[in-house]
Amino acid sequence: MASSVVGRFAPSPSGRMHLGNVMSALLCWLSARSAGGRLVLRIEDIDPERSRDEYARFIIEDLRFLGLDWDEGEGAGGAHGPYRQSGRTLVYEEALRRLDAMGLLYPCFCSRAELHDVTRAPHASDGRLIYGGRCRNLNVQERAELSARRRPSLRLRVPDETIRFVDGLCGPQAQNLREECGDFIVRRSDGAFAYQLAVVVDDIAMGVTQVVRGRDLLDSTPRQLYLYRLLGARPPAYYHVPLLLAPDGRRLSKRERDLDLGALRARYGAEEILGRLAFLTGLRETAAPVEARALAETFSWSRVRRENLYLPEGLFES
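Since the model is a prediction, treat every value here as computed from it, not as a measurement.

Novice: Teacher, can you tell me more about the sheet that holds strand β2 (residues 38-41) here?
Specialist: Across the sheet, three strands lie side by side as β1-β2-β3; this open sheet has parallel pairing. Looking at the sheet topology across the chains shown, the edges are occupied by β1 (6-9) and β3 (72-73). Across four bridges, the pairing between β1 and β2 is parallel. Paired with Phe 9 across the strands is Leu 41, a residue of β2.

Novice: What's the story with the nonpolar core in this structure? I'm lost.
Specialist: In a soluble, globular protein the nonpolar side chains are often hidden away together inside. Counting residues in each nonpolar core, the largest one holds 52 residues, and the members touching the most others are Phe 9 and Leu 19. With 10 residues, helix α1 (residues 19-34) is the largest single contributor of residues to this core. Setting aside residues no more than four positions away along its own chain, Phe 9 makes contact with Ala 25, Cys 28, Trp 29, Leu 39, Val 40, Leu 41, Arg 42, Leu 63, Leu 68, Asp 69 and Trp 70. Counting 36 residues, the second largest nonpolar core, distinct from the first, contains Leu 104, Leu 105, Cys 181 and Val 186.

Novice: I'm lost on the packing of aromatic side chains in this one. Help?
Specialist: Pairs of aromatic rings are described using the distance from one ring centre to the other and the angle between the two planes. The tally for this structure, following the rule as stated, stands at five aromatic pairs. An angle of 80 degrees between the planes, with centres 5.6 Å apart, marks the rings of Tyr 268 and Phe 316 as edge-to-face. Note that Tyr 268 is positioned in the loop between α9 (261-265) and α10 (270-281) and Phe 316 in the segment after β14 (309-310), a separation of 48 residues in sequence. Grouping residues by exposure puts Tyr 268 and Phe 316 together as buried. Taken together, the ring pairs in this structure connect Tyr 239, Phe 299 and Trp 301 into an aromatic cluster. One Lys or Arg, Arg 155, reaches over the ring of Tyr 131 and ends 3.6 Å from the middle of that ring.

Novice: Help me understand the sheet that holds strand β10 (residues 184-187), please; the structure alone is not making it clear to me.
Specialist: The strands making up a sheet associate through backbone hydrogen bonding, with each pair oriented either parallel or antiparallel. Strand order in the open sheet formed by three strands is β4-β7-β10, and the pairing between neighbours is antiparallel. Because the sheet does not close on itself, it has two edges, and the strands there are β4 (105-108) and β10. Neighbour-to-neighbour, the strand axes of this sheet turn through a mean angle of 50 degrees, independent of strand direction. Relative to β10, strand β7 (residues 153-156) runs antiparallel, the two being bridged by three bridges. Bridged to Leu 154 within β10 is Arg 187.

Novice: I tried to follow the side chain of Ser 153 on my own but got confused; where do I start?
Specialist: Assignment of secondary structure puts Ser 153 in strand β7. When its relative accessible area of 8% is taken as the criterion, Ser 153 is described as buried. Setting aside residues up to four positions removed in sequence, Ser 153 forms contacts with Tyr 106, Pro 107, Cys 108, Ile 185, Arg 187, Arg 188 and Ser 189.

Novice: How do you make sense of the pattern of salt bridges when you look at a structure like this?
Specialist: Between side chains of opposite charge, a pair can form when the charged atoms approach closely. In this structure the tally under the stated criterion is 20 salt bridges. The partner of Asp 53 in a salt bridge is Arg 84, and the shortest N-O contact between them spans 3.1 Å. Taken as a pair, Asp 53 in helix α2 (residues 53-66) and Arg 84 in the loop between β3 and α3 (89-101) lie far apart in primary sequence, 31 residues in all. A salt bridge links Asp 62 to Arg 265; its shortest N-O distance comes to 2.7 Å. Separated by 203 residues along the polypeptide, Asp 62 in helix α2 and Arg 265 in helix α9 bring together distant segments of the chain. The partly exposed category is assigned to Arg 265, whose relative accessible area is 31%.

Novice: In this structure, what is going on with unusual backbone geometry? I would like to understand it.
Specialist: A negative phi holds for most residues other than glycine; trans holds for most peptide bonds. The omega torsion across Gly 81 and Pro 82 is 0 degrees, close enough to zero to call that bond cis. The residue Pro 82 is located in the loop between β3 and α3 in this model.

Novice: Is there a simple way to explain the environment of Val 208 in this structure?
Specialist: Here Val 208 is to be found in the loop between α7 (195-205) and β11 (210-214). For the pair Val 208 and Leu 177, spaced 31 residues apart in sequence, the C-alpha separation works out to 24 Å. Sequence-distant contacts of Val 208, that is, excluding residues within four places in its chain, are made with Val 6, Arg 8, Asp 203 and Pro 236.

Novice: Hey, could you run me through the environment of Arg 143 in this one?
Specialist: For Arg 143, the location among the structural elements is in helix α5 (residues 140-147). By relative accessible area, which is 25% here, Arg 143 ends up partly exposed. Each C-alpha atom, one on Arg 143 and one on Val 40, is 41 Å from the other, the two residues being 103 residues apart in sequence. Filtering out sequence-adjacent residues up to four positions away, Arg 143 remains in contact with Tyr 106, Pro 107, Phe 109, Cys 135, Arg 136, Leu 138 and Arg 157.

Novice: Any chance you could explain the side chain of Ser 220 here in plain terms?
Specialist: Tracing the backbone through its elements, the reader meets Ser 220 in the loop between β11 and α8 (221-230). Ser 220 has contacts with Tyr 195, Gln 196 and Arg 213, leaving out every residue within four places of it along the chain.

The rules behind these values
Each chain has its residues counted from 1, running along the sequence as written. The model is predicted, so local features are restricted to residues of pLDDT at least 70 and side-chain atom pairs to those at 80 or more, both for listing and for counting; the totals for chains, interfaces and linings are taken over all residues. Side-chain metrics rest on all non-hydrogen atoms present in the structure, leaving aside hydrogens and water. Strands are treated as partners if at least two bridges between them are detected by DSSP. Starting at the N terminus, helices and strands are each numbered in turn, a helix being any DSSP run of H or I of at least four residues and a strand any DSSP run of E of at least two. By convention a nonpolar core is built from buried Ala, Val, Leu, Ile, Met, Phe, Trp, Tyr and Cys residues, the set being connected through side-chain atoms within 4.5 Å. Relative accessible area decides the class of each residue, using a 1.4 Å probe on protein chains only: under 20% of the type maximum gives buried, over 50% gives exposed, and in between gives partly exposed. We call two residues contacting when some pair of their heavy atoms lies within 4.5 Å. When the centres of two rings from Phe, Tyr and Trp lie within 6.5 Å, Trp using its six-membered ring, the rings pair. Their planes under 30 degrees apart give stacked, over 60 give edge-to-face, and anything left gives tilted. Charges are assigned to positions over rings by a cutoff of 6 Å between ring centre and Lys NZ or Arg CZ, combined with an angular limit of 35 degrees from the ring normal. A fitted line through C-alpha atoms serves as each axis, taken over the contacting stretch for helices, and the angle formed by two N-to-C directions is quoted from 0 to 180°. What makes a salt bridge here is a side-chain nitrogen of Lys or Arg within 4 Å of a carboxyl oxygen of Asp or Glu, nothing more.

Scope: geometric values only; no functional claims are made or implied.
Structure, rendered in structure tokens:
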């Protein structure tokens, strides 16, 4: 019987993949392949200011170099395309119409500077600002006056409700949408669709049943689960993997070109890179070179380290 697991790579082409991106991609690939599942490659180029075609090409080349193949998506075709978010605007517009018909959307005219004045206290752990609902109850005249001066974003009303789920690595999670998130943007003032909406709509359309991604996105999951419910779809299983940190505690960054695949491929073969990552994540006891398919034969989430990972000095050199 064929596996029901459908995983996905969903990289953003805002820079060359760095080692932390590769670690997440590897764990995503191993989780699906070890279960006999399928993989979709979707390029998340929804932000026109940050996305570049050349980086999308590098992503495809680098994944193929590492032996992390996919069954459907960018470069492979399939029944659920297009596989670039920039080509899926009609799908997102339809989702917005559905949400609007529920009476859940409203225009927000707050500028970035004003948001600092209308948000509530930052989240205790990460400095995240929580929208206080300034534009939630504007009347028709107020909206008309503000629309004449500024194009609004669209926000989704959230209930005073705690969303709970169990993450495959991080365990039980809970977040009150009103108190810890606030009404959130689903379309920006420049017309670009927000990540929260696009990722849910795409995962539903592409039949994704398992999402493996970095722990920095754990906090966004309750918003996405709320959207799944509103759109009448069953959510996937989530695995939020540890972040890979530089020895000094910094997060690896595409912007700073920390250990990106361009530099690494000039020094290491694919099996050497994978072997070192398997060692870091707890899948292997040594950093010896290894093929991706050999790792899939013994993969288990129970062996993956839960805590964020510090890159040892000398294990990789950029």
